[in-house]
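Residues per chain are reported as follows:
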Amino acid sequence: MTDAPDLVCRDLVKEFDQFRAVDHVSFEVPQGSFFSILGPSGCGKTTLLRMIAGFQAPSDGELLIKGKSMIGVPPNKRPVSMVFQHLALFPTMNIGDNVGFGLRQRGVNRTDIKKRVEEVLARVGLPGTSGRRVDQLSGGQRQRVAIARCMILEPDLLLLDEPLGALDLKLREHMKLELKALQHEFGTTFVYITHDQSEALVMSDNVAVMNHGRFEQIGSPHDIYYKPATAFVAGFVGDANRFSARVKGSSEESLILETEAGSTMEVEAKMADLNVGQHAQVFLRPEAIELAKSKEQITGNSNVTSGTVTSVLFNGANSMVALRETGSGATLNVALPQTGAFSDLSEGDEIFASWHPTKARCYPGDGA
Amino acid sequence: MKKTAISSVIIATAFVAQSAHSETLRLLTWGGYAPDEVIAKFEEETGHTVEVTTSNNEEMIAKLRATNGGGFDLAQPSQDRIASAQEEFGIYKPIDMSKVQADLFIPSMLSATAANSTFDGEVYGLPHVWGTSGLVVNTAEAGDIKDYADLCDASVSGKVSYRLKRPTLIGFAYSMGLDPFAAYGDTDAYQGILDQVEAKLTECKPNVKTYWEGGDEIKNLLRSGEVVASMAWDTGGWQLNADNPDITFVAPEAGALGWIDTFVLPARGRADDAAYDWINFVMRPEVAAMITNTAGNFTAAVDGDAGVNADLKARYQGSFDQQAIDNIKWYPPVPAGLETLEGATLDRVNAAN
Amino acid sequence: MSRDASKLGFYLLLAPLLLWLVLLIILPHIGLFVVSVSEKVGVREYEIGLGNYAAFFTEPLYWRTFARTAIMSILATGLTLILGFPIAYYIAKLTKGRTKTTLFLMCMIPFWVSELVRTYGWMILLRESGVFSSFLQYVGLASGPVEMLYNDAAIMVGLVYTSILFMVVPLVTTLDSLDDSLIEAGYDLGGSSFSILREIVIPHAMPGIVSGCIVVFMLSLGNYLTPILLGGKDSLWFTGMIYTQFITRFNWELGSAFGFLLLALSSVLVFVGLKLSRQSLSGTMGR
């Protein structure tokens, strides 16, 4: 086995008549990993995936799978399989024929196909369903059939085009875990595209965040969440309070910023290369803010403010409270601690909020 | 001249008196038998209106049979198709001779048609237009074709066309020295003749380019030179002769087949008066000549040929000398049931390979 | 009150359908059937019997003509499918928007003139002194005039031309409903163009194929003008035979029996076709 990554893209470009859908994208996906491409709709992620699958030819750049260039190789000759957005199970065939389709194309004999279809169906947890029709299965079961149909070919790379989009929320949560488990079980490299950050964060070894045809950041889910490289990533991944501000002062350790609404905050200086007078974007996650009933209870956090509760959004463990800052009138979303403290908050209550300078992210620009 | 003018005025006044009310005449006839100018003149003179439906013998009978003799006030089938159709389907009503100006008709034709169209002692038909079918030949290419059976000659192989209908059977029978009309009354004898003709037509089949179905089709085939010899109506040959002097109608040695198209009253016709008015109108010599000029065939009207244009007369005389006229085989009435035998023969010829 | 009104509305809507069924379908067929079981025994004398139907089976000419007509119609249907499928696939899958509409219209334009005119058009092209023959002589492929009319091939050309629209329309409809991702999935799983056509496209298009074939088969079987005008001296067609019985032979009884036999035998053929293609009539026509 070579050490070459399963998938390598170098300066991949796709031009359409009016615009450039994919703009000099480079990345590598190591063998056996789960790689997600996360981005809003229209960011070019589907085009990128279709180039990897072979349905679209890149305008420029290199595309290697297992070290071999795939430029000019038609989709039916690539060691790649794809799970389509709406799964694309063949409605005119039963489950067994669907799963066995790829092997039939390879000319494998009938008894072997039958055996291997049963095996792979058993591995995805659907033993004995090969005689059923597609419309007799539930959404989650079809998902697994679609994966089985690809995995039976033992592809080097499995591409997944937002396959969970059509499922309801509960099933989607369940399938996230199941997909991850299946990837683990088969040990195949997965390339997964989605606009749902939670899918990307939960399942992936690595996530690429894509916007306007470019990769904004590639990194582990942890890095993407906690150390977003750009303002776009910080805003797109996870919730955040966002402030447009101007640098008022700087020191070795920290920057002093004044928001447009007029409040002042301190942020760790190494976050961004900013000088006094420059515009900046500040992102602050709701869970990074601590609440306190009185000023005395706050320790260690240098940014302290007070506000009035304007609404309480109860959502179990993800409950939030919205505050109106007393001084600036800006809205601040704060996550309620899961300990159950502050569960008695209600509209109109006065409360203090504080956060540490290291918790906020700060980027140059006015973030129009 | 003056006398004719006066008499026509008298006749006209007589018409007006006769048809006190105007009617709509629904006429079922052949193409060319009711030219627009004749209709216009008739409508002006009598106040009736005329609606024309053009058809052929078989369709006329089929149409009248479908309505039990309704839907039309006057029809014009050939004289040989009257008595048997009346016997089978009862679709006509007898002619009231008192309403017909018999002196307008050539007496010999009037009496012959009356004899042929009599059923149960009643006369059902009056003669109108007569003509023949024989050979239409491109004399430059196929000058040797003088008789029906010559169509099977190797010299015209692939350039021959005729219909797969009863006149073909009868023409070939005469050409083979048989007498089918004499055998009309004897089914077995007639079947014997048909069998011989069937053998001949089957043998002849490779010579045939196609069996033609409509008058325009055969004229196109002859005009384009794709067919050089055919069995067809005299008028078709004369029309083609006007464009190409090589093509003309040839009266076959065995005799041209003569037909007379008649006037009959459908059993459930509603405008008998208008129908008689039409008959008496179109049999006038000058109107008969107008019809001859458009239809190409002569009529049974006394002096009807006087006003016919000279070209047509010349073509007629070119095709028929006195001997050929005497040799015309006039269709006698077809006995009921004979057409079934003929149909089976024609089907077998059609299917033969 | 409102219940009565809605009932009235229901019957008012039902009335045209019932009138159509009873007056134009059921009554004429009853009449035709009564005629078809009358045997002529003499002048204006008829007896009830199945002699006319027996004649069809005992006279080889009749059933051979029917068999010939059916086989030629099946052949014409097959040819129409082979020609129509690529056209429909192109329209449904490879074009969009205006081009699609234009192509669709181009398929329909020949149907704005009457069948007679269309058939005469083919006669002008195919006849010995016609366009194709002159062209072949002009380019030197033929030394003399070539007759392409008056044979079974000419009938076939005419039939395919007359019915291709009725094949293309249902095919375009079903192929339009085929999700492109199914074809892509086929390629992605290693399928060749041929195996995708065979395993994915054709099974999906089957209802369209079958309904198109039924319509084209029935149209060909019931065609009268095309075989008469383009066909040769051996080209018998069953509808022509029915016409002959009704009009030139005055034999309505046999003609009616032939009409019923045409109805029954073609229904049997369609039924067999449905069974062979494992489709149901409601599945193909009820779309």
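Residues numbered from 1 in each chain as written. Chains lettered and ligands numbered in written order. Predicted model: local features only at pLDDT ≥ 70, side-chain atom pairs only at ≥ 80, totals over all residues. Heavy atoms only, no water.

**Remarks on the sheet that holds strand β18 (residues 331-335) of chain A**
Residue and element names in this part refer to chain A. To keep it simple, the criterion reads: Note: two strands are recorded as paired if DSSP finds a minimum of 2 bridges between them. Here a strand is any run of E in DSSP of at least two residues, a helix any run of H or I of at least four, and the numbering for each starts at the N terminus. The axes used here are C-alpha line fits, helices contributing only the stretch in contact, and every angle between their N-to-C directions lies in the interval 0 to 180 degrees.
Reading across the sheet, the five strands line up as β15-β19-β16-β17-β18 and stay open at both edges, with antiparallel pairing between neighbours. Strand pairing shows two members of the sheet lacking a second neighbour, β15 (290-292) and β18, which therefore form its edges. Neighbour-to-neighbour, the strand axes of this sheet turn through a mean angle of 45°, independent of strand direction.

**A few points about the interface of chain C and chain A**
Going by this rule: Only heavy atoms matter for contacts: two residues are in contact if any of them lie within 4.5 Å across the pair. A quick way to say it: buried area is the sum, across both parts, of accessible area lost when two parts are put together, with a 1.4 Å probe. Between N or O atoms, a polar contact is any pair within 3.5 Å; within protein, one atom must be a potential hydrogen donor and the other a potential acceptor, and residues adjacent in sequence are included only when both atoms are from side chains.
Opposite the 16 residues of chain C that make contact, chain A presents 22 residues. Both faces considered, chain C and chain A share a buried interface measuring about 1600 Å² in area, 61% of it formed by carbon and sulfur atoms. The largest contributions to the chain C side of the interface with chain A come from C:Asp188, C:Leu189 and C:Glu199, which together make up 42% of the buried area. At the junction of chain C with chain A, the criterion picks out seven residue pairs in polar contact (both at pLDDT 80 or more). Listed by contribution, the elements that provide at least two residues to the side of chain C that touches chain A are α8 (180-188) and α9 (193-221) of chain C. For the side of chain C that touches chain A, the leading source of residues is α8(C), giving seven residues.

**A short note on the environment of A:Thr339**
Take A:Thr339: it is sitting in the loop between β18 and β19 (350-355). On a C-alpha basis, the gap between A:Thr339 and A:Arg361 in space is 26 Å, while along the polypeptide they are 22 residues apart.

**Details of the packing of aromatic side chains**
Quick reminder of the rule: Stacked, tilted and edge-to-face are the three classes assigned to paired rings of Phe, Tyr and Trp, where Trp is represented by its six-membered ring and a pair needs centres within 6.5 Å; plane angles under 30 degrees give stacked, over 60 edge-to-face, the rest tilted. Working definition: with a 1.4 Å probe on protein chains only, accessible area under 20% of the residue-type maximum means buried, over 50% means exposed, and in between means partly exposed. Each ring is checked for a lysine NZ or an arginine CZ that lies within 6 Å of its centre and within 35 degrees of its normal; such an atom marks a charge sitting over the ring.
Counted by the stated rule, this structure contains 42 aromatic pairs over all chains. Ring centres 5.3 Å apart and planes at 55° place the aromatic pair B:Phe42 and B:Phe281 in the tilted group. You can see B:Phe42 sitting in helix α2 (residues 36-46) and its partner B:Phe281 sitting in helix α10 (residues 272-282), a full 239 residues away along the chain. For the pair formed by B:Phe42 and B:Phe281, the shared burial category is buried. Among the aromatic residues, those joined into a cluster by ring pairs are B:Trp130, B:Trp238, B:Phe249, B:Phe298, B:Tyr316, B:Phe320 and B:Trp330. Above the plane of the ring of A:Tyr225 lies A:Arg285, whose end atom (NZ or CZ) is 4.0 Å from the centre.

**With respect to the packing of α9(C) against helix α12 (residues 252-276) of chain C**
Residues and elements named next belong to chain C. Let me state the cut-off plainly: Geometric relationships in this document are graded by angle, where less than 35 degrees denotes roughly parallel, more than 145 denotes roughly antiparallel, 65 to 115 denotes roughly perpendicular, and other angles denote oblique. Crossings are classed by handedness, with left-handed meaning an anticlockwise turn of the near helix from the far one by less than a right angle and right-handed meaning a clockwise turn. Each residue receives one of three labels: charged for Asp, Glu, Lys and Arg, nonpolar for Ala, Val, Leu, Ile, Met, Phe, Trp, Tyr, Cys and Pro, and polar for the others, Gly being one of them.
Two elements in contact, α9 and α12, have axes separated by 11 Å at closest approach and are oriented at 155°. Put simply, α9 runs roughly antiparallel to α12. You can see that α9 and α12 cross each other, and the crossing is right-handed. Together, Val210, Ile214, Phe217, Met218 and Leu221 of α9 and Leu262, Ser266, Leu269, Val270 and Leu274 of α12 make up the contact between the two elements. Grouping the constituent residues of the contact of α9 with α12 by class yields nine nonpolar, one polar and no charged.

**Side note on the side chain of C:Thr65**
Mapped onto the secondary structure, C:Thr65 falls in helix α3 (residues 60-94). When neighbours within four sequence positions are excluded, C:Thr65 is seen to be in contact with C:Leu236, C:Trp237, C:Phe238 and C:Met241.

**Comments concerning helix α1 (residues 45-53) of chain A**
Residue and element names in this part refer to chain A. Of all the nine residues making up α1, eight are buried; the element is thus mostly covered by neighbouring parts of the structure. Looking at α1, one finds that the buried residues are Lys45, Thr47, Leu48, Leu49, Arg50, Met51, Ile52 and Ala53. Positive backbone phi, at 105°, marks glycine 54, one or two positions downstream of α1.

**As for the pairing of β19(A)**
Residue and element names in this part refer to chain A. Note: β15 against β19, three bridges, orientation antiparallel. By the bridge assignment, glutamate 290 is partnered in β19 with serine 354. Note: strand β16 (residues 303-313) against β19, six bridges, orientation antiparallel. When the sheet's bridge partners are listed, valine 304 is paired in β19 with serine 354.

**Topic: the state of the cysteines**
Two cysteines, two sulfur atoms, one covalent bond between them: this is a disulfide. Filter applied, for reference: Any cysteine sulfur atom paired with another within 2.5 Å is treated as part of a disulfide.
Considering all chains together, one arrives at one disulfide over all chains under this definition. Through a disulfide, B:Cys152 is tied to B:Cys204; the S-S separation comes to 2.2 Å. Measuring the twist about the S-S bond at about -105°, one finds the B:Cys152-B:Cys204 disulfide to be left-handed. Taken together, the residues B:Cys152 in the loop between β7 (126-138) and β8 (160-162) and B:Cys204 in helix α7 (residues 187-204) connect sequence positions 52 residues apart. Cysteine C:Cys107 remains unbridged, with the sulfur of C:Cys213 as its closest cysteine sulfur at 16 Å. Residue class for C:Cys107 comes out buried when judged on its relative accessible area of 18%.

**Comments concerning the environment of C:Ile124**
All names here are of chain C. Structurally, the position occupied by isoleucine 124 is in helix α5 (residues 115-126). Take isoleucine 124: its relative accessible area is 52%, and that puts it in the exposed class. Each C-alpha atom, one on isoleucine 124 and one on leucine 149, is 9.3 Å from the other, the two residues being 25 residues apart in sequence.

**Structural notes on the nonpolar core**
What counts, and what does not: The set of buried Ala, Val, Leu, Ile, Met, Phe, Trp, Tyr and Cys residues whose side-chain atoms join them within 4.5 Å is what this entry labels a nonpolar core. Note that the domain bounds were set by an automatic or database domain assignment.
Residues B:Leu74, B:Tyr92, B:Leu151, B:Tyr162, B:Trp278 and B:Phe320 are the most contacted members of the largest nonpolar core, which totals 121 residues. Element by element, the count of residues in this core is highest for α10(B), at seven residues. Counting the residues that make up this core, at least three belong to each of domain 1 (2-130 + 259-315) and domain 2 (133-256 + 327-351) of chain B. Every residue in contact with B:Leu151, bar those within four places of it in the chain, is listed here: B:Leu135, B:Ile145, B:Val156, B:Val160, B:Tyr162, B:Phe172, B:Cys204, B:Asn207, B:Ala229, B:Ser230 and B:Met231. The next biggest cluster of nonpolar side chains, apart from the first, holds 92 residues, and it includes A:Leu48, A:Leu89, A:Ala146 and C:Phe85.

**A word on the arrangement of the chains**
With two pairs of chains in contact, the largest contact count belongs to chains B and C. The closest approach of any C-alpha atom in chain A to one in chain B is 46 Å; the two make no contact.

**Some thoughts on the packing of α3(C) against helix α4 (residues 97-108) of chain C**
All names here are of chain C. Interaxial distance between α3 and α4 falls to 9 Å at its minimum, and their mutual angle equals 150°. Relative to α4, the element α3 is oriented roughly antiparallel. In the crossing of α3 with α4, the sense of the turn from one axis to the other is left-handed. Touching Ile87, Tyr90, Ile91 and Ala92 of α3 are Lys100, Leu103, Phe104 and Cys107, all from α4. Looking at the contact of α3 with α4 residue by residue, the classes come out as seven nonpolar, no polar and one charged.

**Digging into the domain arrangement of chain B**
Residues and elements named next belong to chain B. So the rule is basically this: Note on definitions: salt bridges are taken to be side-chain nitrogens of Lys or Arg within 4 Å of carboxyl oxygens of Asp or Glu.
What the domain assignment lists for chain B is domain 1 (2-130 + 259-315) and domain 2 (133-256 + 327-351). Summed over both partners, the interface of domain 1 with domain 2 buries about 1600 Å², with 55% contributed by carbon and sulfur atoms. It is Asp80, Trp259 and Arg315 in domain 1 that bury the most area against domain 2; as a group they hold 43% of the surface buried on that side. Where domain 1 meets domain 2, there are two salt bridges. Between the two partners, domain 1 and domain 2, sit eight residue pairs in polar contact (both at pLDDT 80 or more). Counting residues per element, the ones that place at least two in the side of domain 1 that touches domain 2 are α4 (83-89), β12 (257-263) and α12 (310-319). Sort the elements by how many residues they give to the side of domain 1 that touches domain 2 and α4 lands first, with three residues. Grouping the constituent residues of the side of domain 1 that touches domain 2 by class yields five nonpolar, five polar and six charged.

**What to know about the domain arrangement of chain A**
Residues and elements named next belong to chain A. For chain A, the assigned domains read domain 1 (7-235) and domain 2 (239-364). Measuring from the centre of the C-alpha atoms in domain 1 to the corresponding centre in domain 2 gives 39 Å. Contact with domain 1, which involves nine residues of that partner, is made by six residues of domain 2. Taken together, both faces of the contact between domain 1 and domain 2 bury some 710 Å²; the carbon and sulfur share is 48%. Sorting the residues of domain 1 by area buried against domain 2 places Tyr225, Ala231 and Ala234 first, and these three jointly supply 58% of that buried surface. The interface formed by domain 1 and domain 2 holds zero salt bridges in total. At the boundary of domain 1 with domain 2, the tally comes to three residue pairs in polar contact (both at pLDDT 80 or more). Looking at the side of domain 1 that touches domain 2, the elements that each hand over two or more residues are α7 (221-226) and α8 (231-236). Of the residues belonging to the side of domain 1 that touches domain 2, the class tally is six nonpolar, two polar and one charged.

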